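Fold and contact review
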Amino acid sequence: MKRIALFPGSFDPFTKGHEDIILRGLRLFDEVVVGIGNNSSKQRYFPLDVMKELIEKTFEKEENVRVITYNDLTARIAREIGAKFLLRGLRNTTDFEYENGIAQVNRFVYEEIETVFLITSPNLAPISSSIIRDLHRYGQGVDDFLPYSLSELNKLRELKNSGL
Ligand code: ADP
């Protein structure tokens, strides 16, 4: 049977830290499904459809990665797509405290689910989506932290909007 892992998150935005977890996850699982949680009570900074497209583009050559969006309990979605594993990254003790709680709740919802944690690669540990949002909000380039280019995306959009 195919070993499928769901990698759930907000990915607002998706970073090189996330990419690293997926690439390492592919050594453990046959398929990694990136699940962008669409929590309607949480206002996003980067639009969901744009982020989905950028993640898909990042893994276009990787046939064992696909991207979904969802608005439901993570464990329920895992069961629905046949994933027995949740993939998560751990950077520090703050991540651990948080992850410990949600891993227990996920097993309450779907008993068979196992959360697999990968310790972040040291060079990527300082990268967080919230810091990137703050930098971007004040006009700082953030492409160094991302596996795709946001500035290129902006240029394309400007061209589109100017009708060229
Ligand atoms: P959430 O809103 O569910 O915390 P995130 O998009 O912030 O979602 O993160 C998704 C997962 O990726 C989490 O397990 C988080 O700990 C992990 N993660 C985030 N940044 C990094 C990083 N730089 N290195 C490794 N794991 C990371």
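Since the model is a prediction, treat every value here as computed from it, not as a measurement. (Residues numbered from 1 in each chain as written. Predicted model: local features only at pLDDT ≥ 70, side-chain atom pairs only at ≥ 80, totals over all residues. Heavy atoms only, no water.)

**Focus: unusual backbone geometry**
For clarity, the threshold we go by: Numbered from the N terminus, helices here are DSSP runs of H or I no shorter than four residues, and strands are runs of E no shorter than two. For the exposure calls, accessible area comes from a 1.4 Å probe over protein chains only, and a residue counts as buried if that area is under 20% of its type's maximum, exposed if over 50%, partly exposed in between.
Of the consecutive residues aspartate 12 and proline 13, the connecting peptide bond is found in the cis state with omega at 5°. If you trace the backbone, proline 13 turns up in the loop between strand E1 (4–9) and helix H1 (16–25). Phi at phenylalanine 11 takes a positive value of approximately 50°, unusual for a residue other than glycine. Within the secondary structure, phenylalanine 11 is located in the loop between E1 and H1. Its relative accessible area of 2% is what places phenylalanine 11 among the buried residues.

**Structural notes on the UniProt feature "binding site: substrate" (unreviewed entry) in the chain**
Let me state the cut-off plainly: UniProt positions are given in the numbering used here, feature names are shortened, and annotations may be inferred rather than shown by experiment. Definitions used throughout: a 1 Å grid over protein atoms alone; a cavity as a set of points that fits a 1.4 Å probe which cannot get out; a pocket as an open set with protein on both sides within 12 Å along at least five of seven lines; a lining residue as one with an atom within 4 Å of a point. The criterion used for residue contact is that any of the two residues' heavy atoms lie within 4.5 Å. Contacts described as polar in this section are N or O atom pairs within 3.5 Å, which, within protein, must combine one atom able to donate a hydrogen with one able to accept it, while residues neighboring in sequence count only if both atoms come from side chains.
Those places that UniProt annotates as "binding site: substrate" (unreviewed entry) correspond, in this numbering, to Ser10, Lys42, Thr74 and Arg88. In this structure, the largest pocket is lined, among the annotated residues mentioned, by Ser10, Lys42, Thr74 and Arg88. Summarising the element assignment, lysine 42 is placed in the loop between strand E2 (31–37) and helix H2 (48–58). Looking at the element boundaries, arginine 88 is found in strand E4 (residues 85–90). Classification of arginine 88 by relative accessible area gives buried; the value is 16%. The contacts of arginine 88, once residues within four sequence positions are left out, are Phe7, Pro8, Gly9, Tyr98, Glu99, Ile102, Thr115, Val116, Phe117 and Leu118. At a separation of 2.8 Å, a polar atom in the side chain of arginine 88 contacts the side chain of glutamate 99.

**Notes on the site of the ligand**
The condition that has to hold: Throughout, near means a residue has at least one heavy atom within 4 Å of the molecule or strand. Residue-level accessible areas treat just the shown protein chains as cover; the underlying method is Shrake-Rupley with a 1.4 Å probe. Cavities and pockets are treated as containing a molecule whenever more than half of the molecule's atoms lie within 2 Å of their grid points. The residue classification treats Ala, Val, Leu, Ile, Met, Phe, Trp, Tyr, Cys and Pro as nonpolar and Asp, Glu, Lys and Arg as charged. All others, Gly included, are polar.
In the vicinity of the ligand there are 16 residues, among which Ser10, Phe11, Gly89, Thr120 and Leu124 approach most closely. Arginine 88 places a side-chain nitrogen or oxygen 3.1 Å from an oxygen atom of the ligand. The contact in question runs from an oxygen atom of the ligand to an N or O atom on the backbone of glycine 89, over 2.7 Å. Within the complex, 89% of the 560 Å² of free accessible area of the ligand lies under protein. Among the cavities detected, the one that contains the ligand is the largest pocket. Listed by contribution, the elements that provide at least two residues to the shell around the ligand are E1, H1, E4 and helix H4 (93–109). A breakdown of the residues in the shell around the ligand according to their chemical character gives six nonpolar, six polar and four charged.

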